[in-house]
Protein chains: 2
Amino acid sequence: MRNNDIRITHARVTPIAFRDGPLLNASGIHEPWALRSIIELETSDGRLGIAETYGDAPMLLALEQARALAVGLSPFDLNVMEQRVRASIKPGQGGGVQFELAPGSHTAKNAEKVISALEVAMLDLQGQLLKLPICDLLGGAVRDAVPYSAYLFYKYAEHVDKPYAPDAWGEAVTPEQLVKQAQAMVDQYGFKSIKLKGGVFTPAEEIAGIKALRKAFPTHPLRLDPNANWSLQTSIDAAPELDELLEYYEDPTPGLEGMAELAKHCRSPLATNMVVTTMDEFRRNASLNAVKILLSDHHYWGGLRATASLARMCEVFGMGMSMHSNSHLGISLMAMTHAAAAIPNLTYACDTHYPWQEEEVIKGGRIKFEQGAVRVPTAPGLGVELDPAKLVELHQQYLDCGIRNRNDLAQMRKYQPGFSGKSPRF
Amino acid sequence: MRNNDIRITHARVTPIAFRDGPLLNASGIHEPWALRSIIELETSDGRLGIAETYGDAPMLLALEQARALAVGLSPFDLNVMEQRVRASIKPGQGGGVQFELAPGSHTAKNAEKVISALEVAMLDLQGQLLKLPICDLLGGAVRDAVPYSAYLFYKYAEHVDKPYAPDAWGEAVTPEQLVKQAQAMVDQYGFKSIKLKGGVFTPAEEIAGIKALRKAFPTHPLRLDPNANWSLQTSIDAAPELDELLEYYEDPTPGLEGMAELAKHCRSPLATNMVVTTMDEFRRNASLNAVKILLSDHHYWGGLRATASLARMCEVFGMGMSMHSNSHLGISLMAMTHAAAAIPNLTYACDTHYPWQEEEVIKGGRIKFEQGAVRVPTAPGLGVELDPAKLVELHQQYLDCGIRNRNDLAQMRKYQPGFSGKSPRF
């Protein structure tokens, strides 16, 4: 039997939930359980290809509608799969649903998200069949390891409803606590770049946090991401101080026009995963020349191949590439690592929430970092396998936790009933 | 041994020449011999990957400089190969050379052309190793066969210096002869679209040619390509008549600005392989909104993967995709077919000069067309193999013919000593 005679016979989508810390952000605070979904594609020769993506109810609905589209295809039929999904899931139309990205992010085309999930699982199958790591299916790795950044969050010591024992990271609401968190994360993971999720406290407090980090880590590139929670004027006013401190200034203010105006007032390059999340926005940004660094994310840009194409587009339009993350487990981390390994101009350390998670759904447990980087896998496919017992356990947590749509605002109001949720707040 | 442990051990570049008809164009007339080069990459396990590209002296110089860059790589190291070539061959710099595309075309980056040649040969090796056709390495075919267009040329009955017996196509300098040529080509190949290479006679004569074709082929989409040999005003003046006749209006007038101005005066979409040949030009076109259909060509756009990325970019920027050709043999035809098979939005029938060639360098001789289309190969790799005896023969023709750089203008002056070569001429 030829490799491309093998067919996908079953497609499963399993929502899971895992513990997540009380991390503060522009919208509010993380709930105690983060949702994801695991895609499994079975083949006629008994292989299992896997992917990990969003687990909110609208995404599950889209995936449930779409999974049958993969059945009957060869794992090599990525283009036909894309055509099928695009024909079935149209943005804002009857069969389609719009769903949420990270808080504050724009909704983007459902089709791109579904395509990404199916593509990663199909590439995993391709790699297994061909005995090649996925990065070799993307033109080969240009680096042996993919550097990630320390992703700092302001946070409370524990969740308001105390659903389980508090995490080991402790509270971080002051510059000193932030430096302590950074030190612990750098010590454990070896990260060489540091990102702070801001938009939580006043800009003055967050700039003080960045200054404290600069003092404690004089050579680590620093990034601040106020998650569009600063007005344009606030962002402009903060720019002179931040220009001296930041590698890039990520999504301080909402909207492409606001970012374009801000770009005239700061020397730090502007970065985004909020105002350029679709090709339409990419095109508009190209004409406005607002954002200079794109935080790519294969989960909503249509997969690993589309992310590689996006990287070529960034090169054409003079933009740098970094990588965005949501709360995720090891399957996503491996997909991100394969993509980043094969994209020459992805030269900024990638974001990852991985240190904030304790659980895993893959065999062998948590993925190791070396000097802040993940070694590019050389095993076939993604290079990780699903642990069926863990999948059952994390799915049970999903059933039990009761969360079906992430709501950081409602969660925040459990701590501060009067929390406005106004955006931009500063 | 794992597939990605196999290494490229030798890289050869062999210039060839084959008979080419006395085809008229904006620059002059085709010489009796067309030049190409054949790239051969040998692996440590004894395989041979092949590609076909330009054969002019500057391209041979670039390929000779670059071929060593492939040695030692795995056939899967496409991204590293690209990095190496880009680092070695910089446009307009010391080690680099600029060379000619089709007459009237812009020179583009040498690196993209060299990358393309090496990439096709490496993908051929990948496909052989994995027992998959190249289109499966590009996400899989979305069509079973790739439609090509009948590519008509004004031509003389034979070459001025009569180097060999005249071809069977005969003279075509009148509308009647053009229709006869079209009929013969459609009869033999089954083409469903017709393109006329214009820029040869006066616009009135060429419009008369198109009208005669429309009458003889009432349902075939028609295209006219004056090869930038019409002034802007001439192109504007011709637009109302051509609007009724053409599927697209290809490169009537030189320069992106000229095409942008023309776009305001015609209803036919403008197509190009002349004013958008590099990513810089792509970006400029996106802001000028001049050309609506891009004739892609993997030979100068950086290969098959880059062409697939370009197709995604065309979708983003609301452009359609067709495909350009130069005089070529079956290796290029197969590479074009794999790329086109895997690009969903390549919806226009592709150009090919193939009917104008009689010779071949592949085993099994000339590739067959069915109903104007080439069936997408299912054999591993490109799906065609080099015929070593034919390669020797066509290389000898290269050595013997004495042509080292295509010069359609000098050739034309053998027929018409006073031929101005002025461009635009009309």
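The structure presented is a predicted model; accordingly, all values stated were derived computationally and were not measured.

Moving on, we come to the overall build of chain A. The helix and strand tally for chain A stands at 13 helices and 12 strands. Computed over the C-alpha atoms, the radius of gyration of chain A is 21 Å, within 12% of the 22 Å expected from 2.2 N^0.38 for a compact globule of 426 residues. Seen along its three principal axes, the alpha-carbon backbone of chain A occupies a region of about 65 × 50 × 45 Å. The proportion of buried residues among the 426 residues of chain A is 63%. For chain A, restricting intrachain contacts to residue pairs at least 6 apart in sequence, the fraction spanning at least 24 positions comes to 74%. Entry remark: accessible area of chain A is about 14,400 Å², with carbon and sulfur atoms responsible for 53%. Between the centroid of the 42 positive side chains of chain A and the centroid of its 49 negative side chains there is a distance of 2 Å.

So, on to the side chain of Ser149 of chain A. Within the element layout of this structure, Ser149 of chain A appears in the loop between strand S4 (145–147) and strand S5 (150–153). Setting aside its immediate chain neighbours within four residues, Ser149 of chain A contacts Phe191, Ser193, Ile194, Lys195, Arg223, Ala349, Cys350, Asp351 and Thr352 of chain A.

Time to look at the side chain of Asp408 of chain A. Mapped onto the elements of the fold, Asp408 of chain A is located in helix H13 (residues 408–415). Polar contacts involving the side chain of Asp408 of chain A include one to the side chain of Asn25 of chain A, which spans 2.9 Å.

What follows covers helix H12 (residues 388–401) of chain B. Residue and element names in this part refer to chain B. A rise of 1.5 Å per residue sets the reference length of H12, with its 14 residues, at 20 Å; its end C-alpha atoms lie 20 Å apart and thus fit the reference within 8%. Within the span of H12, buried status applies to Leu391, Leu394, Gln397, Tyr398 and Cys401. Around the axis of H12, the buried residues are gathered within 120 degrees of arc, so they sit on the same side. Exposed residues lying more than 90 degrees from the buried face of H12 are Pro388, Ala389, Val392 and Asp400. The secondary structure elements touched by the buried residues of H12 are strand S1 (8–19), strand S2 (33–43) and helix H1 (57–66). Between the side-chain oxygen of the N-cap and the backbone nitrogen of Ala389 there are 3.0 Å, and the N-cap of H12 in question is Asp387.

What follows covers the sheet that holds S1 of chain B. Residues and elements named next belong to chain B. Taken in spatial order, the three strands of this open sheet run S1-S2-S3, and their pairing is antiparallel. What marks the edges here is a single partner per strand, and that holds for S1 and strand S3 (48–54). Across the sheet, the axes of successive neighbouring strands diverge by a mean angle of 20 degrees, strand direction being ignored. Bridge analysis of S2 against S3 gives seven bridges, and the strand direction is antiparallel. Within the sheet, the bridge partner assigned to Arg36 lies in S3 and is Tyr54. Most of the contacts of helix H11 (residues 330–341) go to S3, to which it runs at about 95 degrees, and overall it touches S2 and S3.

What follows covers unusual backbone geometry. Residues and elements named next belong to chain A. Of note, the bond from Ser423 into Pro424 is cis; its omega dihedral lies within 30 degrees of zero at -5 degrees. Residue position: Pro424 is located in the segment after H13. For Asn289, which is not a glycine, the phi torsion comes out positive at approximately 55 degrees. Note that Asn289 resides in the loop between helix H9 (279–288) and strand S10 (293–296).

We now examine the interface of chain B and chain A. Counting residues at the interface gives 32 residues for chain B and 32 residues for chain A. Carbon and sulfur atoms supply 52% of the area buried between chain B and chain A, which totals about 3,000 Å² over both sides. The largest share of the area that chain B buries against chain A comes from Asn79, Arg312 and Val316 of chain B, three residues that together contribute 21% of it. Where chain B packs against chain A, one counts two salt bridges. The salt bridge involving Glu82 of chain B is made with Arg312 of chain A; its shortest N-O contact spans 3.3 Å. Our enumeration of links across chain B and chain A arrives at 23 residue pairs in polar contact (both at pLDDT 80 or more).

Right, let's talk about helix H6 (residues 203–216) of chain B for a bit. All names here are of chain B. Its 14 residues place the ends of H6 20 Å apart at the C-alpha level, agreeing with the 20 Å of an ideal helix rising 1.5 Å per residue. Taken together, the buried positions of H6 are occupied by Pro203, Glu206, Ile207, Gly209, Ile210 and Leu213. When H6 is viewed along its axis, its buried side chains cluster within an angular range of 150 degrees and face the same direction. Counted as exposed and oriented over 90 degrees from the buried face of H6: Ala204 and Lys215. Where H6 is buried, its residues meet strand S5 (150–153), helix H5 (175–189), strand S6 (194–197), strand S7 (222–225) and helix H7 (232–243).

Least-squares fitting of chain B to chain A yields an RMSD of 0.0 Å, with the transformation described by 0.0 Å of translation along the axis and a rotation of 180 degrees. The superposition operator between the copies reduces to a two-fold rotation axis. Taking the C-alpha atom as reference, chain B places Ser309 of chain B closest to the rotation axis, 2.5 Å from it. When the interface residues of chain B are mapped onto chain A, 100% of them again fall at the interface, so both copies present the same face.

Moving on to the environment of Lys131 of chain A. Relative to the helices and strands, Lys131 of chain A resides in the loop between helix H3 (110–130) and helix H4 (134–137). With 249 residues separating them in the primary sequence, Lys131 of chain A and Pro380 of chain A have C-alpha atoms 4.7 Å apart. In this structure, Lys131 of chain A is in contact with Pro380 of chain A together with Arg2 of chain B, ignoring residues within four places of it in sequence.

Looking now at the sheet that holds strand S3 (residues 48–54) of chain A. Residues and elements named next belong to chain A. Spatially, the three strands line up as an open sheet ordered S1-S2-S3, and their pairing is antiparallel. Both outer strands of the open sheet, strand S1 (8–19) and S3, are each paired with one neighbouring strand and no more. Put simply, the sheet's adjacent strands are angled 20 degrees from each other on average, direction ignored. Where S1 and strand S2 (residues 33–43) come together, 11 bridges link them in antiparallel fashion.

A few words now on the packing of aromatic side chains. One pass over the structure, following the stated rule, counts 31 aromatic pairs over all chains. An angle of 85 degrees between the planes, with centres 5.5 Å apart, marks the rings of Phe282 of chain A and Phe317 of chain A as edge-to-face. Note that Phe282 of chain A is positioned in helix H9 and Phe317 of chain A in the loop between helix H10 (304–316) and strand S11 (320–323), a separation of 35 residues in sequence. Judged by centre distance (4.8 Å) and plane angle (20 degrees), the ring pair of Tyr151 of chain B and Phe153 of chain B falls under stacked. Taking relative accessible area as the criterion, Tyr151 of chain B reaches 2% and is therefore assigned buried. Given a relative accessible area of 1%, Phe153 of chain B falls into the buried group. Clustering of aromatic rings is evident, with ring pairs tying together Tyr148, Tyr189, Phe191, Tyr354 and Phe369 of chain A.

A few words on the pattern of salt bridges. Residues and elements named next belong to chain B. Within this structure, the stated rule accounts for 60 salt bridges over all chains. A salt bridge links Asp351 to Lys195; the nearest nitrogen and oxygen atoms lie 2.6 Å apart. Here the residue Asp351 occupies a position in the loop between H11 and strand S12 (373–375), and Lys195 occupies one in strand S6, the gap between them amounting to 156 residues.

Residues and elements named next belong to chain A. Two numbers describe how helix H8 (residues 256–263) lies on H9: the axes approach to 10 Å, and their chain directions differ by 30 degrees. Comparing the axis directions of H8 and H9 gives the class roughly parallel. Handedness of the H8/H9 crossing: right-handed. Mapping the contact onto sequence places Leu256, Glu257 and Ala260 in H8 and Glu281, Arg284, Asn285 and Leu288 in H9. Its residues assigned to classes, the contact of H8 with H9 comprises three nonpolar, one polar and three charged.

The rules behind these values
- Residues numbered from 1 in each chain as written.
- Chains lettered and ligands numbered in written order.
- Predicted model: local features only at pLDDT ≥ 70, side-chain atom pairs only at ≥ 80, totals over all residues.
- Heavy atoms only, no water.
- Helix = DSSP H or I, 4+ residues; strand = E, 2+ residues; numbered from the N terminus.
- Rg over C-alpha atoms; globule rule 2.2 N^0.38 Å.
- Buried < 20%, exposed > 50% of the residue type's maximum accessible area, 1.4 Å probe, protein only.
- Contact = heavy atoms within 4.5 Å.
- Areas by Shrake-Rupley, 256 points an atom, 1.4 Å probe, with all protein chains shown as cover.
- Lys, Arg positive; Asp, Glu negative; His and termini not counted.
- Charge placed at Lys NZ, Arg CZ, Asp CG, Glu CD.
- Polar contact = N/O pair within 3.5 Å; in protein donor to acceptor, adjacent residues only side chain to side chain.
- Expected span 1.5 Å × (residues − 1).
- Arc of directions from axis to C-beta.
- Pairing = 2+ DSSP bridges.
- Axes fitted to C-alpha atoms, helices over the stretch in contact; angles between N-to-C directions.
- Buried area = accessible area lost by both parts, 1.4 Å probe.
- Salt bridge = Lys/Arg side-chain N within 4 Å of Asp/Glu carboxyl O.
- Least-squares fit on C-alpha atoms with pLDDT ≥ 70 in both.
- Phe/Tyr/Trp six-rings, centres within 6.5 Å; stacked < 30°, edge-to-face > 60°.
- Parallel < 35°, antiparallel > 145°, perpendicular 65-115°, else oblique.
- Left-handed = near helix turned anticlockwise from the far one by under 90°.
- Nonpolar A, V, L, I, M, F, W, Y, C, P; charged D, E, K, R; others polar.

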